[in-house]
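Analysis of the macromolecular model
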Amino acid sequence: MKKIFRNLIIAFITLFGGISSVFAAGSANITLSASDTVVNGSNITINVNISNISGASDGMCYGAGGYINYDPEYLTYVSYSNTNGWSGSAVDKGNGKYKFITYDMGVTGVSSGTLAKFTFKAIKAGTTTVTMTEPDLSDKRSTELVATVTNKTITITEPLDSNSKLSDLKVD
């Protein structure tokens, strides 16, 4: 009986002992950053930044992706660019949604900084938010880094009336 019990314990440890390492994931913060305001008709660049990486095999991120979502009533897509010399691309998924992926081939990961940039043109005055959903981050060993995302709210203002000039101001 002792032998059976001991074998069951060994089997249990063997089967479930490694689960914590399978499900152990690191974490990181993703922040979308840009100017708080933009003039209607002007471009604004949204930076996809990473910081506070923990639990990664070497403290660095080697791949990132997800969806960048925006309201096409207020913004129109202009361009996408990778940073840090990484490869990648962005694909239009329609209705204000771009899927992007950027990655390094395991040579020069990043511990913090800008991973990618999206440029939009403001097309309507008001307030809108650019969000990132389904973030997908990984370290050098392709271990998932669970992301906490901070989205970006932007106020789009109307341009100044071309008839308003400082020289027209008078003090009484």
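Summary of the structure given here. Predicted model only: the values in this text are computed from it and were never measured. (Residues numbered from 1 in each chain as written. Predicted model: local features only at pLDDT ≥ 70, side-chain atom pairs only at ≥ 80, totals over all residues. Heavy atoms only, no water.)

Scanning the model with the defined rule gives two salt bridges in all. Across the pair D36 and K152 runs a salt bridge whose closest N-O atoms are separated by 2.4 Å. Of the two residues, D36 is situated in the loop between β1 (26-33) and β2 (37-39) and K152 in strand β11 (residues 152-157); the sequence distance between them amounts to 116 residues. Accessibility expressed as a relative area gives 12% for K152, which makes it buried. (Salt bridge = Lys/Arg side-chain N within 4 Å of Asp/Glu carboxyl O. Helix = DSSP H or I, 4+ residues; strand = E, 2+ residues; numbered from the N terminus. Buried < 20%, exposed > 50% of the residue type's maximum accessible area, 1.4 Å probe, protein only.)

A cluster of nonpolar side chains, contributed by I101, Y103, M105 and V107, occupies part of the molecular surface with about 440 Å² of accessible area. Tracing the chain through its elements places M105 in the loop between β7 (97-103) and β8 (113-122). (Patch = residues over 30% accessible without salt bridge, like charges linked within 9 Å, V, L, I, M, F, W, Y side chains within 5 Å. Areas by Shrake-Rupley, 256 points an atom, 1.4 Å probe, with all protein chains shown as cover.)

Below, the discussion takes up the nonpolar core. By size, the foremost hydrophobic cluster in this structure holds 33 residues, and its most contacted members are V48, I50, I68, L75, F118 and L137. Setting aside chain neighbours within four positions, we find V48 in contact with I30, T31, L32, I68, F100, G113, T114, L115, A116, F118 and M132. (Core = buried A, V, L, I, M, F, W, Y, C linked by side-chain atoms within 4.5 Å. Contact = heavy atoms within 4.5 Å.)

On the secondary structure map, G41 appears in the loop between β2 and β3 (43-54). Here G41 is in contact with K121 and A122, once residues within four sequence places are set aside.

Next up on the list: unusual backbone geometry. The residue N52 is not glycine, and still its phi comes out positive at about 50 degrees. By secondary structure assignment, the location of N52 is in strand β3. Even without being a glycine, E134 presents a positive backbone phi close to 50 degrees. By relative accessible area, E134 is classed as exposed at 55%.

What follows covers the pairing of strand β10 (residues 144-150). Note that β1 and β10 share six bridges and pair parallel. The residue bridging S27 from the neighbouring strand is V146, located in β10. For strand β9 (residues 126-138) and β10, the ladder comprises two bridges, and the chain directions are antiparallel. What sits directly across from L137, in β10, is L145. Counted between consecutive antiparallel strands, the loop separating β9 from β10 contains five residues, among which S142 sits at a positive phi close to 65 degrees. (Pairing = 2+ DSSP bridges.)

Per the counting criterion, the structure on display carries eight aromatic pairs. Between F100 and F118, the ring centres sit 5.5 Å apart and the planes meet at 80 degrees, which makes this aromatic pair edge-to-face. Highlighted residues: F100 in strand β7 and F118 in strand β8, separated in sequence by 18 residues. Under the relative-accessibility criterion, F118 is labelled buried at 0%. (Phe/Tyr/Trp six-rings, centres within 6.5 Å; stacked < 30°, edge-to-face > 60°.)

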